[in-house]
Amino acid sequence: MTPVRTPSGTFEPSVLDTIAANALDDDYYEVRPGRYARSRGWIAASVLIVFGVMVTIAIVQTRDESLDRQVARETLVSDIRARQETLERVQDTQRTLRSEVAALQAAAGDEDPDYSARQVLAADVPVSGPGVVVRVDDASDAVRVTDRDLRLLVNGLWGAGAEAVSVDGRRIGTLSAIHEAGGAITVNYSAINPPYRIEAIGDSEALADGFTEGPFGEYWRIRQDEVGLKFDMQRADELELAAVPGERARVRHAKVWEGAKK
């Protein structure tokens, strides 16, 4: 408050200082401290409540996260145990299969003569042995060996006792075919060209005599005499015939008849 000098020489407060000092009623100064104190009390209480709520939320969230981690851990442990059990079962199965394979391999060492004979007849394995070699050729460009001629020749060798037959190096099996396609003769769906070489494994003397004296030998004598096809048969001490191609040995549709005799 700035005092003002009066004419008498004394100092008195200025008018502005007086108005500022007495702007509020005296009752205000009596009432204001109580209200202000109560307001501060409510604010403090509100802050405490908000803080308490936040702490409670934090505690709840922390507990939920802890529960989630516990559930995840238990799930992981359960999954690991399940996979370990599965691995143990697979290992047990593997050991069992290994034992079975070993037993089968041991049994395979005792060769079954009947099974081996069936493999030879089915042309499923390479074979070697004595036999005969037949060479046939066209008479001319106009008179050629036909697929029928070759089929009858092969059938005649089978009938004479052949155990394995090949035409131009192509083994004849149970699913083999000899036929004409596009002007060429095919065996196992592969084209062959004259002169044709037919090999048959078996008793060479029995094969030669059996074919010559049988109906198929007579057929070829007629073909030689009437149209001039070339035919020659020679005995062989050792022949080697490859196995039939895999696709010509695999049965896709046939199955053993349930009423068949065992």
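Below is a summary of the structure that appears in this document.

Calculation criteria
Counting of residues starts from 1 at the beginning of each chain's written sequence and follows it residue by residue. Selection of residues for local features in this predicted model requires a pLDDT of at least 70, selection of side-chain atom pairs for listing and counting requires 80 or more, and totals for whole chains, interfaces and linings are taken over all residues. Excluded from the side-chain calculation are hydrogens and water; included are all heavy atoms of the structure. For the purposes of this entry, the term helix denotes a DSSP run of H or I that reaches at least four residues, the term strand denotes a run of E that reaches at least two, and both are numbered from the N terminus. Here the open area of atoms and residues is found with the Shrake-Rupley method and a 1.4 Å probe, where only the protein chains shown may cover a residue. Paired strands are those between which DSSP finds at least two bridges. Note on contacts: a residue pair qualifies if any of its non-hydrogen atoms lie within 4.5 Å across the two residues. For helices, the fitted line uses only the C-alpha atoms of the stretch in contact; every axis is such a line through C-alpha atoms, and the angle between N-to-C directions lies from 0 to 180 degrees. In this scheme, a crossing is called left-handed if the near helix is turned counterclockwise away from the far one by less than a right angle; it is called right-handed if the turn is clockwise. Residues are sorted three ways: Asp, Glu, Lys and Arg are charged, Ala, Val, Leu, Ile, Met, Phe, Trp, Tyr, Cys and Pro are nonpolar, and all the rest, Gly among them, are polar. As used in this record, nonpolar core signifies buried Ala, Val, Leu, Ile, Met, Phe, Trp, Tyr and Cys residues forming a set joined through side-chain atoms within 4.5 Å. We call a residue buried when its accessible area falls under 20% of the maximum for its residue type, exposed when it is over 50%, and partly exposed in between, using a 1.4 Å probe and counting protein chains only. Each angle is binned into one of four classes, with values under 35 degrees roughly parallel, values over 145 roughly antiparallel, values of 65 to 115 roughly perpendicular, and all other values oblique. Working definition: a ring pair exists when centres of Phe, Tyr or Trp rings (six-membered ring for Trp) sit within 6.5 Å. Plane angles under 30 degrees give stacked, over 60 give edge-to-face, the rest tilted.

Things to note about the overall build of the protein chain
What the protein chain contains, in helices and strands, is 6 helices and 10 strands. For the protein chain, the exposed surface amounts to about 19000 Å²; the carbon and sulfur share of it is 55%.

Topic: the sheet that holds strand β5 (residues 170–171)
Spatial strand order, β5-β4-β9-β3-β10: 5 strands in an open sheet with antiparallel pairing. What marks the edges here is a single partner per strand, and that holds for β5 and β10 (230–241). The pairing of strand β3 (residues 127–137) with strand β9 (residues 196–201) spans 6 bridges and is classified as antiparallel. Opposite V136, over in β9, you have Y196 as the bridge partner. The strands touched by helix α5 (residues 204–213) within the sheet are β3, β9 and β10, with β10 carrying the most contacts at an inclination of about 155 degrees.

A word on the packing of helix α4 (residues 147–159) against helix α6 (residues 215–227)
Contact pair α4 / α6: the axes reach a minimum separation of 9 Å and the direction vectors enclose 145 degrees. As α4 runs across α6, the sense of the crossing is left-handed. Contact with α4, carried on its side by R148, D149, L152, L153, N155 and G156, involves F216, Y219, W220 and R223 of α6 and no other residues of that element. Residues belonging to the contact of α4 with α6 are distributed by class as follows: 5 nonpolar, 2 polar and 3 charged.

Quick word on the nonpolar core
L150 and I198 are the most contacted members of the largest nonpolar core, which totals 28 residues. Tallying contributions element by element places α4 first for this core, with 5 residues. Dropping the residues within four chain positions of it, L150 is found in contact with V136, V145, I178, I185, I192, Y196 and I198. Membership of the second largest hydrophobic core comes to 7 residues, among which are V127, I201, A236 and L241.

Remarks on the packing of α5 against α6
Two elements in contact, α5 and α6, have axes whose closest approach is 4 Å; the angle formed by their N-to-C orientations is 65 degrees. With respect to α6, the element α5 is oriented roughly perpendicular. Between α5, through F211, T212 and E213, and α6, the contact on the second element is made entirely by P215, F216, G217, E218, W220 and R221. For the contact of α5 with α6, a count of residues per class yields 4 nonpolar, 2 polar and 3 charged.

Focus on the packing of aromatic side chains
Inspection of the entire model under this criterion finds 2 aromatic pairs. Taking 5.9 Å as the distance between ring centres and 10 degrees as the angle between the ring planes, the aromatic pair formed by F211 and F231 counts as stacked. Taken together, the residues F211 in helix α5 and F231 in strand β10 connect sequence positions 20 residues apart. Ring centres 5.4 Å apart and planes at 40 degrees place the aromatic pair W220 and F231 in the tilted group. Here the residue W220 occupies a position in helix α6, and F231 occupies one in strand β10, the gap between them amounting to 11 residues. According to the relative accessible area criterion, W220 is buried, its value standing at 0%. Pairwise contacts between aromatic rings join F211, W220 and F231 into one cluster.

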